[in-house]
Each structure stands twice: as C-alpha cells, then as structure tokens.
Amino acid sequence: MTPLFSLNLNPDGAFYYQGKKTQAKTAIVRYWESDRLIVILQGRIYYLADLKKSFHLSEDNPLSLIAELYQKQGDQALAQLEGEFALVIGDRREKRLILCRDPMGNYPLYWRENANGITVSSRLKQLVPPGERTLNKAYLAQYLSYSFAFTELPKPETIYDHCYRLLPGQILALSIGKPHQILFHNHLLANLTPITDITPQEAGKQFRQLLSQAITERCQFGKIGAHLSGGMDSSAVVCLANQQTNLTTLSLVYQLKTLVKETDYIQLILDQQPDLNSVLINGDRLLDFQWFDQPMPDHDEPYAGLFHLAIETALAQKAAALGLNTVLTGSGAEIVAEANHYGLADQLHQGHWQAVWQKSQQWAIASNQNRWTILTEFALKPLLPSGL
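Computed from a predicted structure; not experimentally measured. (Residues numbered from 1 in each chain as written. Predicted model: local features only at pLDDT ≥ 70, side-chain atom pairs only at ≥ 80, totals over all residues. Heavy atoms only, no water.)

K.L.:
Explain the environment of Asn116 here, please?
P.N.:
Along the chain, the position of Asn116 falls in the loop between β7 (110-114) and β8 (117-121). Judged by relative accessible area, Asn116 falls into the exposed class, the value being 56%. Spatially, the C-alpha atom of Asn116 lies 8.3 Å from that of Asn8, the residues being 108 residues apart in sequence. (Helix = DSSP H or I, 4+ residues; strand = E, 2+ residues; numbered from the N terminus. Buried < 20%, exposed > 50% of the residue type's maximum accessible area, 1.4 Å probe, protein only.)

K.L.:
Which parts of the structure should I look at to understand the packing of aromatic side chains?
P.N.:
Aromatic ring pairs: the centre-centre distance and the angle between the two ring planes describe each pair. Taken as a whole, this structure holds nine aromatic pairs when the rule is applied. Taken together, a centroid distance of 5.6 Å and an interplanar angle of 75° make the contact between Phe289 and Phe292 edge-to-face. Here Phe289 falls in the exposed class, since its relative accessible area comes to 51%. An angle of 65° between the planes, with centres 5.7 Å apart, marks the rings of Trp357 and Trp372 as edge-to-face. With Trp357 in helix α10 (residues 353-367) and Trp372 in helix α11 (residues 371-380), this residue pair connects regions lying 15 residues apart in the sequence. Look at Trp357 and you get partly exposed, because its relative accessible area is 39%. (Phe/Tyr/Trp six-rings, centres within 6.5 Å; stacked < 30°, edge-to-face > 60°.)

K.L.:
Looking at this model, I keep getting lost on the pairing of strand β12 (residues 224-227). Mind explaining?
P.N.:
Of the two faces of β12, the one holding Ile224 and Ala226 and the one holding Gly225 and His227 are both buried throughout. When β12 meets strand β15 (residues 326-328), the two strands line up parallel, connected through three bridges. Residue pairing for β15: Gly225 is matched across the bridge by Val327. Across three bridges, β12 lies against strand β13 (residues 248-253) in parallel orientation. Its bridge partner lying in β13, Gly225 is registered against Thr248. For the crossover that starts at β12, traverses helix α5 (residues 232-241) and ends in the parallel β13, the hand is right-handed. (Pairing = 2+ DSSP bridges. Right-handed = clockwise from strand over helix to strand, strands pointing away.)

K.L.:
Hey, could you run me through the packing of α10 against α11 in this one?
P.N.:
Describing two packed helices takes the angle between their axes plus the distance from one axis to the other. Following both chains from N to C, one finds α10 and α11 inclined at 115°, their axes separated by 8 Å at the closest point. In terms of axis orientation, α10 runs roughly perpendicular to α11. Judged by the twist between their axes, the crossing of α10 over α11 is right-handed. Across from Val356, Trp357, Ser360, Gln361, Trp363, Ala364 and Ser367 in α10, the residues of α11 making contact are Arg371, Trp372, Ile374, Leu375, Phe378 and Ala379. In terms of residue class, the contact of α10 with α11 is built from nine nonpolar, three polar and one charged. (Axes fitted to C-alpha atoms, helices over the stretch in contact; angles between N-to-C directions. Parallel < 35°, antiparallel > 145°, perpendicular 65-115°, else oblique. Left-handed = near helix turned anticlockwise from the far one by under 90°. Contact = heavy atoms within 4.5 Å. Nonpolar A, V, L, I, M, F, W, Y, C, P; charged D, E, K, R; others polar.)

Below you can see the structure in the form of structure tokens.
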C-alpha cells in the first residue's frame with residue numbers, strides 16, 4: 001500500500017500537510033520545510049554526488065538539496081533528478097505547487113482543485129470523500145479496452161471525475177484559479193539516442209558498468225534484499241548486488257508437478273553465491289486467482305494485476321518480517337532489453353552460424369514468418385554499418 005500523505009494549498013495561499021514528518025533515510029515518504037518551501041519526497045533520489053557537481057550545490061540532505069536546486073536553477077532543473085520518486089514542492093512565496101514524477105512512474109501522485117483549494121496526495125481516495133465520488137465512466141471504458149492495463153493509462157484523468165494524476169516524467173505547476181502548467185515532460189523512450197558506433201562486446205561491458213552503478217546507488221538504504229526468481233534478470237541483479245552488500249534473497253519455490261519449476265535455476269545461483277542469506281517461500285498455495293475467496297484489498301484504481309496479488313503480497317510480507325528496507329528485482333528489465341533482439345546478431349558475429357540458423361527457424365515458426373525475414377531483420381541488419 002502506498003504511504004499516505006497530502007498537501008493542500010488553500011485559497012489564502014497557506015499550506016496544510018497531512019502525513020508523517022520525517023527525514024529518516026529509509027522512510028518511503030520524507031518531509032522537509034524552510035520559511036519558503038515545503039518538500040515532500042516519496043521514494044528515493046540517486047546519483048546525488050553527480051547532481052551536486054553538475055549544479056555546484058552544497059547541501060547533503062536529499063530534500064534540502066532538491067530545495068537548493070529548485071531555488072538556484074528553477075523548476076525545470078528538477079528534470080535532472082534520477083531515481084524512483086514522486087516529488088511535491090510547496091512554494092510559499094509563489095503560492096504554487098510543483099509536482100514531479102520519475103519517467104518510469106514508480107509512485108503515483110494525484111491532485112484535485114475545488115473550493116477548498118488544490119490538494120495533492122499519494123492516494124486518490126484521499127482527495128474525495130466517499131459520498132462525493134462519481135465514477136468517470138469514459139476513463140473506465142478506456143481502461144477496459146486498453147491492450148495492456150497492468151499499469152495506469154497514459155492520460156491525466158482517473159477513475160473519479162475531477163481528480164487527476166501526474167503522468168510519469170512530468171513536472172507540473174499548480175496555482176489557485178490559474179490553468180495548470182506542464183513545465184516539462186520526459187518521454188523516456190522517445191528521448192533515447194541510438195548508439196551506432198559500438199560493438200556488442202563494448203555495449204555489454206558498458207551495460208554491466210551502468211547496471212552495477214545503479215545497484216550501488218540502491219544499496220545505500222538500510223537492509224537490502226532481492227527477489228531471486230530464477231530468471232536471467234533477477235539472477236544478474238543478485239550476483240552483482242552480492243558483490244556490494246550483505247544480501248538476503250527471497251524466492252518462491254513450487255512442488256506441484258503441474259507447474260514449471262525454476263527451483264533448479266534458483267539453486268544454481270545459490271550454489272555460485274554461497275554467502276547469500278536465502279529465504280525460500282512455498283508458492284504452491286500462492287497461485288494466480290486462488291486468493292479470490294479472500295476480501296478485496298484496498299486500492300485506488302482498477303488494476304488488472306489483482307489476479308497475481310497473492311505472490312506479491314507474500315514477498316512483501318516476508319520482506320517486512322525480515323526488516324528489509326530495499327528489495328531489488330529483475331522487474332522492468334524487459335523495458336530495456338525485450339525489444340532489442342540482438343542475440344542472433346551477436347551469435348552470428350561470433351561465428352555460430354549453425355546455432356543462428358536453428359534459432360531463426362524457431363523464431364520464424366513462433367511468429368509465423370519466413371526464416372529469411374528473421375535472419376535479415378535480427379541477424380544481418382544489426383551488423384551492417386548504420387549508413388547502409
């Protein structure tokens with residue numbers, strides 16, 4: 001469940017905060033204020049040393065550093081923040097709210113304007129009392145017809161009328177009685193610059209360095225755990241993280257013969273990394289849909305992943321029982337790697353012609369395409385110079 005906080009800017013220009021006021025490093029929601037600013041950070045900001053160096057900042061506390069960046073460089077400089085976060089700044093001098101979310105949208109942020117002013121909250125239901133909620137039927141229809149609805153829709157409307165979300169990667173300014181202003185929108189994939197003058201080996205080396213650095217940044221916050229599923233993504237994260245911290249792994253294991261078992265792959269990693277603190281969770285009673293005879297959990301909006309909730313709940317509860325502050329996962333890796341089908345090109349570059357020939361036939365059958373179409377698109381084209 002997303003921790004609750006809200007910040008109201010009333011028509012007189014005063015701010016009212018509801019939530020816990022803490023600056024503890026491991027807290028999910030942190031609060032800081034000065035005479036001018038209120039800064040609320042949900043989540044975490046990384047690469048602070050780089051940020052300080054780039055903008056000649058002096059503060060060490062992440063929240064006061066954000067305040068310094070905002071006051072010295074302006075609101076659009078917030079686009080330089082990296083991490084998993086939702087950020088709210090209340091500016092008493094300007095009598096406005098600044099909202100910011102990371103491009104991946106790891107934490108939600110909602111807002112509403114009415115006679116009581118503008119209220120921003122981490123929870124949608126906090127914005128509207130139960131008796132005042134009216135269903136946004138147009139949004140619901142779009143959600144039900146959306147092809148991939150595990151996440152929020154890419155639009156500012158929500159399931160309730162007159163309540164809005166901040167979209168991932170956006171910086172938004174809100175003032176009483178004025179139109180809201182989108183100051184910046186980071187379209188993550190659209191802003192990626194293709195790299196053409198690099199070999200697969202060099203790309204692999206750089207990818208490992210960047211991934212290791214990203215893991216290092218995330219291992220600063222208390223006791224660290226990792227979800228080890230047995231897949232390639234989580235296994236890579238676990239092996240790299242175990243070089244940097246005392247790591248606890250959480251793994252679901254299955255005994256039912258009707259299920260695909262990844263236990264052997266999990267055990268392979270555990271054998272290679274004998275110093276891991278491994279926790280195995282019996283997953284036989286955590287199958288999809290099997291929890292539907294239990295009460296529906298409290299949640300703000302429609303979520304197509306509820307069928308999968310038993311697994312997520314078991315992992316989260318075990319992490320909490322172990323006192324873990326951060327749990328690393330392989331989730332999200334497909335955003336980086338799934339669409340980059342360079343495996344055939346890499347094998348071809350290494351001279352494994354027969355393996356490429358066999359694999360291309362498998363791909364062709366699976367996608368109902370001609371083998372030569374697969375070979376041309378995924379084996380030959382990636383190896384050609386970019387100017388051809």
